[in-house]
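Each chain, letter by letter, is given below.
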Amino acid sequence: MNIQELATISINKIPVKVAIINNEYLGMVRQWQDLFWNKRYSSTCLRGGFLCVDCKGPAHCKTKYVPDFVRLAESYNILGLRATKHADVVQVLKQGLEADGPAIMEFIVPPEENVFPMVPAGKPIDQALEEL
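Residues numbered from 1 in each chain as written. Predicted model: local features only at pLDDT ≥ 70, side-chain atom pairs only at ≥ 80, totals over all residues. Heavy atoms only, no water.

A. Examining the overall build of the chain more closely. Across its full length, the chain carries four helices and three strands. If you list the helices and strands of the chain from N to C, you get α-β-α-α-β-α-β. The buried share of the chain, reckoned over its 132 residues, is 29%. A sequence separation of at least 24 residues applies to 56% of the contacts in the chain between residues at least 6 apart. For the chain, the computed accessible surface area is about 9,000 Å², with 59% contributed by carbon and sulfur atoms. (Helix = DSSP H or I, 4+ residues; strand = E, 2+ residues; numbered from the N terminus. Buried < 20%, exposed > 50% of the residue type's maximum accessible area, 1.4 Å probe, protein only. Contact = heavy atoms within 4.5 Å. Areas by Shrake-Rupley, 256 points an atom, 1.4 Å probe, with all protein chains shown as cover.)

If you want it as structure tokens, here you go:
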């Protein structure tokens, strides 16, 4: 939750491994907007740092998403890796997990990818959605 912790793990060479599942949106917020708000997306796209009126999603956007997590990792002297296709996943995991120090591993997934289980607002944990 605090980017400054990247400095802490870098300076102290703490071998924390971070895996980022990147759908180029604020993932869980977009998922809520998808499932509970009729896909009325608002301020969740991470492309270009601006709100696009009539957004058709990342596949139609020419602006690169922000931030670039590999470059961010490198700015903290942390190993930064990215898997952009399924075939890259094992190699990125192997390299990141075997690194002596900290590593940030980013996995690009489709923009509409959802994560389950999730607990809807106001519901108890035993009513978690496991899939749609």
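That covers the picture; the talk isn't over yet.
B. Molecular detail of the nonpolar core. Counting residues in each nonpolar core, the largest one holds eight residues, listed as Leu6, Ile9, Ile20, Tyr65, Phe69, Ala73, Ile78 and Ile104. Elements with a contribution of two residues or more to this core: α1 (4-11) and α3 (69-75). With residues up to four places along the chain from it excluded, the contact list for Leu6 reads Leu72, Tyr76, Ile78 and Ile104. If you look at the next biggest cluster of nonpolar residues, it comprises five residues, including Leu81, Ala83, Val92 and Met105. (Core = buried A, V, L, I, M, F, W, Y, C linked by side-chain atoms within 4.5 Å.)

C. Examining the environment of Ile21 more closely. Positionally, Ile21 belongs in strand β1 (residues 17-22). Under the relative-accessibility criterion, Ile21 is labelled exposed at 61%. Sequence separation between Ile21 and Pro110 is 89 residues, and the spatial gap between their C-alpha atoms is 9.9 Å. Setting aside chain neighbours within four positions, we find Ile21 in contact with Phe107 and Val109.

D. Seen up close, the side chain of Arg30. When you line up the elements, Arg30 lands in helix α2 (residues 27-36). Residue Arg30 is classed as buried on the basis of its relative accessible area of 0%. For Arg30, the side chain forms a polar contact with the main-chain oxygen of Glu113, separated by 3.0 Å. (Polar contact = N/O pair within 3.5 Å; in protein donor to acceptor, adjacent residues only side chain to side chain.)

E. How the structure looks around the sheet that holds strand β2 (residues 79-83). As summarised here, the arrangement of the three strands in space is β1-β3-β2, forming an open sheet in which the pairing is parallel. This sheet does not close on itself; its edge strands, each paired only once, are β1 and β2. Within the sheet, the average angular offset between the axes of one strand and its neighbour, ignoring direction, is 15°. Two elements, β2 and strand β3 (residues 103-108), share five bridges in a ladder whose sense is parallel. Note that in β3 the partner of Arg82 across the bridge is Glu106. (Pairing = 2+ DSSP bridges. Axes fitted to C-alpha atoms, helices over the stretch in contact; angles between N-to-C directions.)

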